[in-house]
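# Structural description and commentary
Each chain, letter by letter, is given below.
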Amino acid sequence: MKTLPALLAIATIAVSGPKVIAASLPPPGAASCSGCHATGTASTSSVPRLHGRDAGEITTAMNGFRDGSLPATVMNRIAKGFSDDEVRAIAAWLAAQK
Amino acid sequence: MTINHRMSRRQFCSASAATLATTAFPLPAFAQAAARVVVIGGGFGGASCARALKQIDPKLQVTLVEPNRTFVACPFSNNVIAGLRSIEQQQFGYDKIAASGVTVVPQAATAIDATVRTIGLADGASLGYDRLVLSPGVDLRFDALQGYDEAAAAKMPHAWKAGEQTLLLRKQLEAMDDGGLVVISAPANPFRCPPGPYERACLIAHFLKTRKPRSKLLILDAKDTFSKQRLFQNAWKELYPGMVEWISLSQGGKVNAVDPATNTLITDFGNHTAQVANVIPPQRAGRIATIAGATDNTGWCAIDPVTFESKSVPGIHVIGDACLAGAMPKSAFSANSQAKVCAAAIATLLSGGTPVAPKLINTCYSLAAPGYGISVAGVYQPKNGVLADVEGAGGVSPADAPREFRAREADYAQSWFATATAEVFG
């Protein structure tokens, strides 16, 4: 009876727990942003960095891309694939990244 | 016979032990210090996935199996063919990936036993895993077009895997006389990089227009429609009038056979003899996926759209060009998006959690000429067991955009390449 809890303790060393992992994961869609938007500060890309940016700014921009009030080449096509809630979650996650 | 017998008995014993362990303690990575995830294939999919796994859970023991010391990127390799870029700008190493805590094993994987969860390597060593990710890209089918085998590819390059083949096609174009005929043979769907043959036609035409203006380019196609079709066709008319001709499937464009001795491509409707013949043959998932038992009768790998786990082999996930990702095209951007989703799902599964339904993006840029970019984008989510387009999102660049718009997309294309390769290899 002692062995199983002991083994479970070993298992928790092996991988991080579900809550730790779940909390560290980006919300649906957010992981794709870094395909174009560099995460590092050293980037000289003409595509803006989003990590650490104000969440309200990101949400406002996404809303503008979606309704066409903000001119875009590709973000208008991408923004239409996300709901208000999804955009809010992605913006909050991006803002929290360093 | 004796050796075989002993081998099979040993395999049987280890299989029984593994089954027993799994039955008694259905927890992953039970006896190890850390859960082991092995990734096979160090391209945009595999290398991204290995890095993302380590980033999400530094406790994971992540191994990347890739025989090549240098990766040669396919995106932008059409620029190399057209003389607009050097092959060195396409090359990336694995040092930074190793420095991030991923164990890089420079070997080819030659065997997979999904029952006991081990991988055999070319040097005879073996690796155990708790979860395995296959990102092997495509294999060119040298059994699909009569006469087109590996030897024929040395005469009629496919240039569909970047490296020597890219340089061979470049060299042939350089050597061709002005007034020559270049023929590109494009395969039926699905294949790696759907807009690739048509971008290649544009950039080769750009080279011909600049250097050999009396030459012609013919595309023989096994399809009646293709990616960004209207944008490409407009660009051919606008930028290369009279130079590019596209023959669709229904017009007799499907190449059935080739004759490398005479550089001839053979269709049902006739023969085309080229000065330079670029044969892009049909493709299938990289061979290791078949060895693992993860391919179906299409030659590709069916996957779960939430976790990218193989529908036929538990514990094995398939990402990138090798998998059947529903509406997602086979692109480097897709592979990178899928890699990050797959890494999150694996870390969640190993932690004992349940992965949430993902949302993925693809954006593919093509260049019709230097400074003239066009794109296709899509947003995807699981629906009825496959990755489906999110309705109302995605699509291609506008057909009537001003040149300034095309210039901006060309700039974004360059930015994408720099950012993506920095994220994966930098």
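Conventions and cut-offs
- Residues numbered from 1 in each chain as written.
- Chains lettered and ligands numbered in written order.
- Predicted model: local features only at pLDDT ≥ 70, side-chain atom pairs only at ≥ 80, totals over all residues.
- Pairing = 2+ DSSP bridges.
- Helix = DSSP H or I, 4+ residues; strand = E, 2+ residues; numbered from the N terminus.
- Axes fitted to C-alpha atoms, helices over the stretch in contact; angles between N-to-C directions.
- Contact = placed C-beta atoms within 7 Å.
- Nonpolar A, V, L, I, M, F, W, Y, C, P; charged D, E, K, R; others polar.
- pLDDT = per-residue confidence, 0-100.
- Left-handed = near helix turned anticlockwise from the far one by under 90°.

Next up on the list: the sheet that holds strand S11 (residues 181–186) of chain B. All names here are of chain B. Pairing in this open sheet of 4 strands is parallel, and the strands run S13-S12-S11-S17 from one edge to the other. Each edge of the open sheet is held by one strand with a lone partner, namely strand S13 (244–247) and strand S17 (276–279). The sheet shows a mean angle of 15° between the axes of neighbouring strands, taken without regard to direction. Across 4 bridges, the pairing between S11 and S17 is parallel. When the sheet's bridge partners are listed, Val-183 is paired in S17 with Ala-277.

With 51 residues of chain B at the contact, the number on the chain A side is 31 residues. Those elements that place two or more of their residues in the side of chain B that touches chain A are helix H10 (332–350), strand S22 (360–369), strand S23 (372–383) and helix H11 (403–425) of chain B. Ranked by the residues each element gives to the side of chain B that touches chain A, the list is headed by H11 of chain B, at 12 residues. Broken down by class, the residue content of the side of chain B that touches chain A amounts to 29 nonpolar, 14 polar and 8 charged.

Our focus in this paragraph is the confidence of the model for chain A. The predicted coordinates ought not to be read in detail in places where the model reports low pLDDT. Averaged over all residues, the pLDDT of chain A equals 88, while 86% of them reach at least 70. Low confidence marks residues 9–13 of chain A, where pLDDT is under 50. Its contacts with residues over four positions away, or in another chain, come to 3 contacts.

Moving on, we come to the packing of helix H4 (residues 55–67) of chain A against helix H6 (residues 84–96) of chain A. Residues and elements named next belong to chain A. The contact between H4 and H6 brings their axes to 8 Å, and the two run at 140°. At the point where H4 passes H6, the crossing takes the right-handed sense. Along its contact with H4, which presents Ala-55, Ile-58, Thr-59 and Met-62, the element H6 presents Val-87, Arg-88, Ala-91, Ala-92, Leu-94 and Ala-95. Taken together, the residues of the contact of H4 with H6 sort by class into 8 nonpolar, 1 polar and 1 charged.

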